[in-house]
Amino acid sequence: MKAIFGPIDNQKSLNQLQEIANHYNTQTIQQDTGEGYFVFVKNRIAITEKIRDNKLYIFVWGAKEEDISFLKQFWGDPRDLEAEKMSPMNFASEVVDIPNVEQLSKEEIITSLEISEKEYNQYLKQLKRVVKRPNTPPDVVKAVSILKDK
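All of these numbers come straight from a predicted model, not from anything done at the bench. (Residues numbered from 1 in each chain as written. Predicted model: local features only at pLDDT ≥ 70, side-chain atom pairs only at ≥ 80, totals over all residues. Heavy atoms only, no water.)

### A look at the packing of helix 4 (residues 106-113) against helix 5 (residues 117-130)
Two elements in contact, helix 4 and helix 5, have axes separated by 10 Å at closest approach and are oriented at 100°. Looking at the two axes, helix 4 sits roughly perpendicular to helix 5. Where helix 4 abuts helix 5, its residues Lys106, Ile109 and Ile110 lie against Glu117, Tyr120 and Asn121. Of the residues belonging to the contact of helix 4 with helix 5, the class tally is three nonpolar, one polar and two charged. (Axes fitted to C-alpha atoms, helices over the stretch in contact; angles between N-to-C directions. Helix = DSSP H or I, 4+ residues; strand = E, 2+ residues; numbered from the N terminus. Parallel < 35°, antiparallel > 145°, perpendicular 65-115°, else oblique. Contact = heavy atoms within 4.5 Å. Nonpolar A, V, L, I, M, F, W, Y, C, P; charged D, E, K, R; others polar.)

### Comments concerning the pattern of salt bridges
Counting across every chain of the model gives two salt bridges. Residue Lys72 is joined to Asp77 by a salt bridge in which the shortest nitrogen-to-oxygen separation is 3.4 Å. Lys72 gets classed as partly exposed once you look at its relative accessible area, which sits at 36%. We note a salt bridge from Glu117 to Lys106, for which the minimum N-O separation is 3.1 Å. Linking Glu117 in helix 5 with Lys106 in helix 4, this pair joins segments that are 11 residues apart in sequence. Of the residues examined, Lys106 reaches a relative accessible area of 17% and is grouped as buried. (Salt bridge = Lys/Arg side-chain N within 4 Å of Asp/Glu carboxyl O. Buried < 20%, exposed > 50% of the residue type's maximum accessible area, 1.4 Å probe, protein only.)

### Some remarks on the sheet that holds strand 2 (residues 28-30)
The six strands are arranged 2-3-4-5-1-6 in an open sheet whose pairing can be described as antiparallel. The two strands at the open ends of the sheet, each matched to only one other strand, are strand 2 and strand 6 (80-82). Each neighbouring strand pair of the sheet contributes to a mean axis angle of 20°, computed without reference to strand direction. In terms of strand pairing, strand 3 (residues 37-41) meets strand 4 (residues 45-52) through four bridges, oriented antiparallel. Within strand 4, the residue paired with Phe40 across the bridge is Ala46. Relative to the sheet, helix 1 (residues 10-23) contacts strand 1 (2-8), strand 2, strand 3, strand 4 and strand 5 (55-61), its axis offset from that of strand 4 by approximately 175°. Running at roughly 5° to strand 1, helix 2 (residues 65-75) makes contact with strand 1, strand 4, strand 5 and strand 6 of the sheet. (Pairing = 2+ DSSP bridges.)

### As for helix 1
End to end, helix 1 covers 20 Å across 14 residues, agreeing with the expected 20 Å (1.5 Å per residue, within 8%). If you check which residues of helix 1 are buried, you get Ser13, Gln16, Leu17, Ile20 and Ala21. Projected down its long axis, helix 1 carries its buried residues within an arc of 140°, all on one side. Seen from the buried face of helix 1, the exposed residues on the opposite side, beyond 90 degrees, are Gln11, Asn15 and Asn22. Next to the buried residues of helix 1 lie strand 1, strand 2, strand 3, strand 4, strand 5 and helix 2. Two or three places before Gln11, at the start of helix 1, stands the capping residue Asp9, its side-chain oxygen 3.0 Å from that residue's backbone nitrogen. One or two positions beyond helix 1, positive phi appears at Asn25, with a value near 55°. (Expected span 1.5 Å × (residues − 1). Arc of directions from axis to C-beta. Polar contact = N/O pair within 3.5 Å; in protein donor to acceptor, adjacent residues only side chain to side chain.)

Laid out in structure tokens, this is it:
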């Protein structure tokens, strides 16, 4: 999910970001522009300060429900919350992680991943192209083998 929190109290934001970074076992990093900080949890979540109209906002990408619940204690309810599309690699990993996925139908997989049939077909088409390349990640190979017969 993508969430936007704001406006935020500039005086407290660095301490809050440091506390959040500690929670995710990472660190707060200053942005290249020198304006603001961000927290990046590899392959998981990114949290960035941005100034818009002289107000500080917090942008969050890759958040799950539990992340949003955790972040609400710092900044309240997000002013904007929207679902993000998975990357093809994330889709492959999600498919592989579904318990007993081999026994599920295409419709059950679509429901489990909360995507449309059109999105499912697009992901499968992209993965079938990727699997032809050398050094294809194992999750992609496994996901294609599971999904090709559905």
